[in-house]
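Structural description and commentary
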Amino acid sequence: MADRSLDSLALPLEVRAKLAELDLELSEGDITQKGYEKKKSKLLGAYLPQPPGVEASLPQERRTPVTPSSSSRYHRRRSSGSRDERYRSDVHTEAVQAALAKHKERKMAVPMPSKRRSLVVQTSMDAYTPPDTSSGSEDEGSGQGDSQGTPSSSQGSLNMEHWISRAIHGSTTSSTNSSSSTQSGGSGAANALADVMTQTRIENHSAPPDITTYTTEHSIQVERPQGSTPRTVPKYGNAELMETGDGVPVSSRVSAKIQQLVNTLKRPKRPPLREFFVDDFEELLEVQQPDPNQPRPEGAQMLAIRGEQLGVVTNWPPSLEAALQRWGTISPKAPCLTTMDTNGKPLYILTYGKLWTRSMKVAYNILHKLGTKQEPMVRPGDRVALVFPNNDPAAFMVAFYGCLLAEVVPVPIEVPLTRKEIKQRFLRLTVSNTMGDLLALIIKMDAGSQQIGFLLGSCGVTVALTSDACHKGLPKSPTGEILQFKGWPRLLWFVTESKHLSKPPRDWFPHIKDANNDTAYIEYKTCKDGSVLGVTVTRIALLTHCQALTQACAYTEAETIVNVLDFKKDVGLWHGILTSVMNMMHVISIPYSLMKVNPLSWIQKVYAYKAKVACVKSRDMHWALVAHRDQRDINLTSLRMLIVADGANPWSISSCDAFLNVFQSKGLRPEVICPCASSPEALTVAIRRPTDDTNQPPGRGVLSMHGLSYGVIRVDSEEKLSVLTVQDVGMVMPGGVMCVVRPEGIPLLCRTDEIGELCVCSIAAGTSYYGLSGMTKNTFEMFPMMSSGAPVSEYPFVRTGLLGFVGPGGMVFVVGKMDGLMVVSGRRHNADDIVATALAVEPMKFVYRGRIAVFSINVLHDERIVIIAEQRPDSTEEDSFQWMSRVLQAIDGIHQVGVYCLALVPANTLPKTPLGGIHLSETKQCFLEGSLHPCNVLMCPHTCVTNLPKPRQKQPEIGPASVMVGNLVSGKRIAQASGRDLGQIEDNDQGRKFMFLAEVLQWRAQTTPDHVLFTLLNSRGTIANSLTCLQLHKRAEKIAVMLMERGHLQDGDHVALVYPPGIDLIAAFYGCLYAGCVPITVRPPHPQNVSTTLPTVKMIVEVSRSACVMTSQFIVKLLRSREAGAAVDVRTWPPVLDTDDLPKRRPSQIYKPSNPDTLAYLDFSVSTTGMLAGVKKNYCWEVEDSYTGAPGIYTQALPSISINQFTHNMSHAATSALCRSIKLQCELYPSREVAICLDPYCGLGFVLWCLCSVYSGHQSILIPPSELEINPSLWLLAVSQYKVRDTFCSYSVMELCTKGLGSQTESLKTRGLDLSRVRTCVIVAEERPRIALTQSFSKLFKDLNLNPRAVSTSFGCRVNLAICLQGTSGPDPTTVYVDMRALRHDRVRLVERGSPHSLPLMESGKILPGVRIIIANPETKGPLGDSHLGEIWVHSAHNASGYFTVYGDESLQSDHFNSRLSFGDTQTVWARTGYLGFLRRTDLTDANGERHDALYVVGALDEAMELRGMRYHPIDIETSVIRAHKSITECAVFTWTNLLVVVVELDGSEQEALDLVPLVTNVVLEEHYLIVGVVVVVDVGVIPINSRGEKQRMHLRDGFLADQLDPIYVAYNM
């Protein structure tokens, strides 16, 4: 009545969803009846009419409670502290407590992960649902329920759309004062440190603090910021938006947590495995060596055990159809099946007469009413699907026997999701998930349905039999047709109710034959990997199995049997549908829906019907235990056999014992409990017989878990903690033979004290997997072998998939299943045992007891254990994390095995089976795909992974002379190469007679005054400005006058040029040269981000000691704006000159340097290692800032950069040599046009933008990269329009074109874009060539006639701006594949493309004329051979001569610029590039007719990471990580305190952040044999990138350690 009254109430959808959640928790035993009623009353209090006399002001608890339904009295108290009785064992609980006590003594501190507050709020149910979520105990319900309060009427009236909108928009803002699901505080030194660190900023990251010195005395009050902070453009410094799992806002806690992790990892663990010697080339994975102390089987070889002989009874029918015919005609009114409604009342009684007539009716209609007479849809032998709900066994029984009579093969399957179920689950999901996740979650809820469809398709099923109610509930299209489920074949749905069927003619009778080898039915089986197989059972096997069950269970006619099991498969089908008909038994079927309402219903029916037999699972016994106190009038003396269907689960013994203890006083006899073991392949394997001898106790063994992990039986006393108590499952079935074989390899018979797979030889077994002959042969046609090699029998055996042994007296014991077996480091562990240990960890109030999945994944050639559990919505982060830590410790102590990953997911998100259980294979698949969206993750790779290669031991120092001699002896040449000799090249270059660029410009202004040198394009592709030789000369003269008159500058004064990319920058540069000043090109501050970019400008001006700043009028206003004044002190700027207002007159004379070594310009450059360097290039100094003026192309760098203030010297002679070398390599002449899309502020980009055109006379078409943000096709359209043959760009430009124009190639083609004239497209870079990007670019624009061979890269660095550059002549760039493992040992070994561990490397362009290269050992400075990886050293006329440093670090300058080899050619002075690479002599021929030497750059020496004694390059690890998940857009790695830190940018929902942690850890382990220490998930754009598109990893490291990244999630792997 109460339920009907609820239907009449106008309840909001979210309240109905909460009620459905409460019902689910009550049915699964996760909440007490009292807590259920209390929470239900709170939810409904605002909607129920108040009884008269009750005041509205009274507390909720004092109001009249809601009247529960009549069936609710059976929901007796379910103890909150008790675990699921199926896994309960007092001995095991004691063992877990002892194991946890040992870990407590060690005081292991596990650092909690850091989680952004918005993510904490999202994963808390309080963020989306009304308060007062369900609790698991009475005390919990009363305490937390009161504190949370009752939803107000206004809150209760919120509709579903409101909750969905809150879920969708919850991630857009981070409210710092919103209710978090965590509490501040914690325990131990970590929390004291947290308080101290919130007030302290770590400035020096060279040595992390020792957190063990902090005590609880250092407690400082943490003041949390108030208000909400909107998420804007990602940048550093948003630490206030982040807090850790324990609720403390983060401020410089990262380095302390890493130190805590390091201290934890230093603690002693289990003894490591024996290690092998590893040579320099190979990394041998550790191989498991047998433990000399491990237990080994010592017994004799077992013999096959034969069951009792199958007796021949004269009145047994020749087939099951014959039995049905007999009872249907002889005893038509005898009851066959009684179904129950949800109130426990008989709903329908199916008699044998009705079963017989209706089955015939179904058979007739199947054969004659589907299709036409000429073309029937179903013929004898065809397969037909049976789709019936679990509450309609009568319809299923009629359809099943109708198929047998029609000689078609029934395939019983589960009902796919109905419309009602979809609605209910949708309501339950909407309150806790965004709309984007709902569809995926609903699909998870019906996990496995697609695999069922594949089975139906492989079986050729075209017809599905179903009931009328089921047919109406299936989802339909608007036209009324049933939707085709994903993966399912197209089916004709046929309703089997009599009213829909035609009556067969009187003269029609089915042909009833004796049992033969035709297929009777197909039973589906779900494998460990999620695939669904169909086990075929023949008619003779069906009949023989029924006869064996009849004999084993002593069934007699007219007995009553109560069946709680699923009647469509397994034990429920065999006893409740098949054997019952053979013996004319009466089956009382208890539906699952009734059990959820009344767990005692099956016991009541046993008593009411005086049933002799009951078929249950241990779950049903457990449910009856918690509800038995309500029933006093129960008597089970009639019960002679209680079949426990899952008796093969060793943990079912606890339910059996507890049930017997409680109900023995109700007349239950101990011998009545009969566990059985079964499998889809072998049907019933063994069953315990009921005996009359009460003195004979059942078989029981207490086995050592340590011995079981080695597959050995060691009987232990229960005093020892780590034990497993198992019960026998009876004897071998009548007519069968059983043996035990080893699970792996050849099926040899086990010894008597050895665990193996049970195998059965019997007629009463399955015969094949339908359509899979290979798997059939391995499973159904297996011949066990004795140690002598002879087969046990001439008849094949069937593998059961059960692990166990045969004990004394022929009793069969099962200890696990093959599907649940996990072999870790050579030891076996069962998933059920791991689940039992996890459930024994108290308190269990943080996760749902029945929703734990345990499986293994293969990582690094071994299985790793993964545990996934559903977290309760009212759990805090800290409580859940502590429970996870205790579970890991308990499993380590009990099973001596580490858990690789433990994850908690939100409630109701794990994939479910049709009966509500966790779908294991789908859960595993979601985990591997990264679609589980956990809310807590704890990875322990340091504990689990014990088979890593041995760390490389550095060999004793070998002298460089020995290395050189060794190379010569082995026939390997010294790795050195050179470009063409400048002295031998005849080029008719008139500019060579001038020493200085200023003289070259004056000469060109006189000889070719109207020749255009520079053309600047705007975003529309039109010419914004241009300069001829004379215009540039005249403008430079005016700027020189302004510097001397207005700036009052002297010769050699430094001038900062702060201009956007364009013509003004070039004119200002040459104006400085005319005035004798030293220019410094500086990128201007970004107008929309002055506060971040202006401090870098100010820093460069101060470091370079600029006497004045020269810029445009717009920048002058920007420097004097209010935003600029807030960012820097404007009063400290040097004089600022505006070049938009130039004087009219010319200078009296143009400055000419007296010495070619005079400084020409300063170039500030930030390398990928984060070092700010200035190259003293004798009349050329370079420094690059790492921020950019183009938002979106590059990322902004840290505002506070720790800088080594260096500058490189470059003489006028070196500048001319560089320009001449580039001119000769690229064949640049005044008639040529070159398109340049580069930043003009440093390096080769500056040289190409400002210098080369003046020296060579060619026209430079200048395209600022920032304009590509507005028009991505600008660069390529300019190249096509001006018919350019040579063009230069950066990786950032190429990436922007690849991503922005990927879908526009056809439209560009119609606009006339043609790249066929492009001869060289050079990428200017200071890193390893990005092959993937260049290949994608070439492939994408191949349709626009771009020659793929035209795309190449250059290489330059701080000591030499241009070492390699692909010229117009010479061979095309080459690509080689090297062994990545050898590269880690500084060796180069070429392999074939596609080989394992192969790494493609592209040549970095041709060596420039006048450049010599040698590969040297960075430590010993000795020359290396071709097969070695070493540092690239360079010698050329345009080398920088040293650093110009304000601190005068002479040792560093000498080492970088004036190095000499320690052996060999010790006279030549070399410059060290700081980059690792190797030379390879190819078979190609260069311009001189000699074999070409190719240079391959591998990576920066400063960025290379020394881990495990080997050298790793960040880009290799980053490439692997980016492939791990589709949402990872960028990645950067670095090391800190010998831990590998991986930072990934997440392009997706914050809910996906935790999915990335295991995937990143897995891929780095698999491909690089490294364990990731810390995984940091950040927003897109957080990883800093310089103007060349190169990652600034050291800036990222500094920002991470200073807590300036605002990460979404930080995971510390244990």
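None of the values given here were measured: they were computed from a predicted structure.

Reading the values: rules and limits
Each chain carries its own residue numbering, running from 1 in the direction its sequence is written. Per-residue local features of the predicted model are confined to residues with pLDDT of at least 70, and side-chain atom pairs are confined, for both listing and counting, to 80 or more; whole-chain, interface and lining totals are unaffected and use all residues. Computation of side-chain values: all heavy atoms of the structure, hydrogens and water removed. Should DSSP find at least two bridges between two strands, the strands are taken to pair. Starting at the N terminus, helices and strands are each numbered in turn, a helix being any DSSP run of H or I of at least four residues and a strand any DSSP run of E of at least two. Working rule for contacts: check all heavy atoms of both residues, and any pair within 4.5 Å makes them a contact. Orientation is described by lines fitted to C-alpha atoms, with helices fitted over the stretch in contact, and by angles between N-to-C directions that extend from 0 to 180 degrees. Just to be clear on terms, a salt bridge is a Lys or Arg side-chain nitrogen sitting within 4 Å of an Asp or Glu carboxyl oxygen. Here's how the labels work: a residue is buried when its accessible area is under 20% of the maximum for its type, exposed when over 50%, partly exposed in between, all with a 1.4 Å probe on protein chains only. In protein, a polar contact requires one atom able to donate a hydrogen and another able to accept it; more generally it is a pair of N or O atoms within 3.5 Å, and residues adjacent in sequence count only if both atoms are side-chain atoms. Among buried residues, the Ala, Val, Leu, Ile, Met, Phe, Trp, Tyr and Cys ones that are joined through side-chain atoms within 4.5 Å form a nonpolar core. Note on aromatic contacts: the rings of Phe and Tyr and the six-membered ring of Trp form a pair at centre separations within 6.5 Å, being stacked when their planes are under 30 degrees apart, edge-to-face when over 60 apart, and tilted otherwise. Comment: the charge-over-ring label is applied if NZ (Lys) or CZ (Arg) is within 6 Å of the ring centre and within 35 degrees of the ring normal.

Some thoughts on the sheet that holds strand β16 (residues 613–616)
Read from one edge of the open sheet, nine strands run β7-β6-β15-β14-β16-β17-β18-β19-β22, paired in mixed fashion. This sheet does not close on itself; its edge strands, each paired only once, are β7 (346–351) and β22 (731–732). In this sheet, β7 lies alongside strand β6 (residues 335–340) in antiparallel orientation, the contact comprising five bridges. In the strand pairing of β7, Leu 337 is matched with Leu 350. Sheet strands in contact with helix α18 (residues 539–553) are β17 (641–644) and β19 (683–687), and its direction is about 20 degrees off that of β19.

With respect to the environment of Thr 1368
Within the element layout of this structure, Thr 1368 appears in the loop between β49 (1351–1353) and β50 (1375–1379). The sequence separation of Thr 1368 and Gln 1225 amounts to 143 residues, and the corresponding C-alpha distance is 6.9 Å. Not counting residues within four places of it along the chain, the set of residues in contact with Thr 1368 comprises Gln 1225, Cys 1226, Glu 1227, Asp 1286, Arg 1319 and Thr 1320.

A look at the pattern of salt bridges
For the structure shown, the criterion picks out 52 salt bridges. In this structure, Lys 513 and Glu 407 form a salt bridge, with 3.4 Å as the shortest nitrogen-oxygen distance. Placement of Lys 513 in the loop between β11 (492–495) and β12 (519–526) and of Glu 407 in the loop between α13 (393–406) and β9 (409–413) is noted, with a sequence separation of 106 residues between them. Residue Lys 513 is classed as partly exposed on the basis of its relative accessible area of 30%. Notably, a salt bridge pairs Arg 700 with Asp 657, separated by 3.0 Å at the nearest N-O pair. With a gap of 43 residues between them, Arg 700 in strand β20 (residues 700–704) and Asp 657 in helix α23 (residues 652–663) connect regions that are remote in the sequence. For Asp 657, a relative accessible area of 27% translates into the label partly exposed.

Structural notes on the environment of Asp 1493
Mapped onto the elements of the fold, Asp 1493 is located in strand β56 (residues 1491–1500). Considering only alpha carbons, one finds Asp 1493 and Leu 1479, 14 residues apart in sequence, at a separation of 6.5 Å. Apart from the residues lying within four places of it in its own chain, the contact partners of Asp 1493 are Arg 973, Gln 976, Ala 977, Ile 1407, Arg 1480 and Arg 1481. In this structure the side chain of Asp 1493 is engaged in a polar contact, spanning 3.0 Å, whose partner is the side chain of Arg 1481.

What about the side chain of Ser 1352?
One can find Ser 1352 in strand β49. Residue Ser 1352 is classed as buried on the basis of its relative accessible area, which comes to 1%.

Considerations on the pairing of strand β13 (residues 532–538)
Most of β13 is tucked away, with seven of its seven residues classed as buried. Going residue by residue along β13, you find Val 532, Gly 534, Thr 536 and Thr 538 tucked away on one face and Leu 533, Val 535 and Val 537 tucked away on the opposite face as well. Pairing of β12 with β13, which is carried by seven bridges, proceeds in the antiparallel orientation. Bridging from a neighbouring strand, Thr 519 pairs with Thr 538 of β13. Linking β12 back to β13 in an antiparallel pair, the connection comprises five residues, with Gly 530 at a positive phi of about 95 degrees. The sheet contact formed by β13 and strand β25 (residues 768–769) spans two bridges and is antiparallel. Paired with Thr 536 across the bridge in β25 is Ser 768.

Some words on the side chain of Glu 681
Of note, Glu 681 is situated in the loop between β18 (673–679) and β19. At a separation of 2.6 Å, a polar atom in the side chain of Glu 681 contacts the side chain of Lys 525. Not counting residues within four places of it along the chain, the set of residues in contact with Glu 681 comprises Lys 525, Val 535, Ala 765, Gly 766, Tyr 769, Thr 779, Phe 780, Val 798, Arg 799 and Thr 800.

Some words on the nonpolar core
Counting residues in each nonpolar core, the largest one holds 88 residues, and the members touching the most others are Leu 1043, Tyr 1070, Met 1110 and Ile 1222. The biggest single contributor to this core is helix α33 (residues 1063–1075), with 11 residues. Here Leu 1043 is in contact with His 1048, Leu 1049, Val 1055, Gly 1071, Cys 1072, Ala 1075, Cys 1077, Cys 1108, Met 1110 and Leu 1137, once residues within four sequence places are set aside. Formed by 76 residues, the second largest nonpolar core is a distinct cluster that contains Leu 320, Val 398, Leu 542 and Leu 578.

Comments concerning the packing of aromatic side chains
With the rule as written, the count across this model stands at 22 aromatic pairs. Here Phe 396 and Phe 400 contribute two aromatic rings whose centre-to-centre distance is 5.9 Å and whose plane-to-plane angle is 40 degrees, an arrangement assigned as tilted. Highlighted residues: Phe 396 and Phe 400, both in helix α13, separated by four residues, approximately one helical turn. Three or more aromatic residues joined by ring pairs form one cluster here, namely Phe 388, Phe 396, Phe 400, Tyr 401, Tyr 521 and Phe 567. Here the guanidinium or amino end of Arg 851 rests over the ring plane of Tyr 848, the centre of that ring lying 3.9 Å away.

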